[in-house]
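# Understanding the architecture of this molecule
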Amino acid sequence: MLTIHHLSVDFEVGGDDTAVFARLFAQHIREWSQRQEDVRARGRLLAREASLTGCEPGQDPSGGSAAGCFGGA
């Protein structure tokens, strides 16, 4: 995981810098938020599937360690 403690962004645009920044920031934060929600939804789906099969997520039913309950990615 990467944690950013300080971020500085400099750019030059014609017109109102604040409005351009706000529009671009809102667009990209929505995309980031959607990706985060997709990751959480996938985790919930995997946990639900694991509860139905009796496997722990990431467990290989043959006893080895493989990605996914049935060795899938």
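Here's a quick rundown of the structure. The structure presented is a predicted model; accordingly, all values stated were derived computationally and were not measured. The residue numbering used here restarts from 1 in each chain and proceeds along that chain's sequence as written. In keeping with the predicted nature of the model, local features appear solely for residues at pLDDT of at least 70, side-chain atom pairs appear and are counted solely at 80 or more, and the whole-chain, interface and lining totals rest on all residues. Where side-chain values are given, they derive from all heavy atoms of the structure, hydrogens and water being excluded.

### Concerning the overall build of the protein
Starting at the N terminus, helices and strands are each numbered in turn, a helix being any DSSP run of H or I of at least four residues and a strand any DSSP run of E of at least two. Along the backbone of the protein there are one helix and zero strands. Each residue's exposure class comes from its accessible area (1.4 Å probe, protein chains only) as a fraction of the maximum for that residue type: buried when under 20%, exposed when over 50%, partly exposed otherwise. By residue count, 7% of the 73 residues in the protein fall in the buried class. For accessible areas, the Shrake-Rupley method is used with a probe of radius 1.4 Å. Any residue's cover is judged against the shown protein chains and nothing else. Total accessible area computed for the protein in this model is approximately 6300 Å², and 58% of it derives from carbon and sulfur atoms.

### Quick look at the pattern of salt bridges
Within this document, salt bridges are pairs made up of a side-chain nitrogen of Lys or Arg and a carboxyl oxygen of Asp or Glu, the two lying within 4 Å of each other. What the rule picks out here adds up to two salt bridges. Its salt-bridge partner being E37, residue R40 comes within 3.1 Å of it at the nearest N-O pair. Taken as a pair, R40 and E37 lie in helix α1 (residues 17–53) at a separation of three residues, close to a single helical turn. One continuous salt-bridge network, built from bridges that share partners, spans E37, R40 and R44.

### Regarding a nonpolar patch on the surface
Taken together, L2, I4, L7, V9, F11, F21, F25, I29 and W32 make up a surface patch of nonpolar side chains, about 950 Å² in accessible area. On the secondary structure map, L7 appears in the segment before α1. Given the relative accessible area of 63%, L7 is considered exposed. For patch building, the residue pool is restricted to those with more than 30% relative accessible area and no salt bridge; the joining distance is 9 Å between like charges and 5 Å between nonpolar side chains (Val, Leu, Ile, Met, Phe, Trp, Tyr).

### Some remarks on α1
It helps to recall that an α-helix has 3.6 residues per turn; residues three or four apart then point in one direction. Over its 37 residues, α1 runs 54 Å from end to end, which matches the ideal 54 Å to within 8%, given 1.5 Å per residue. Directly beyond the C-terminal end of α1, a positive phi value near 85° is found at G54. Every helix has an expected span of 1.5 Å times one less than the residues it contains.

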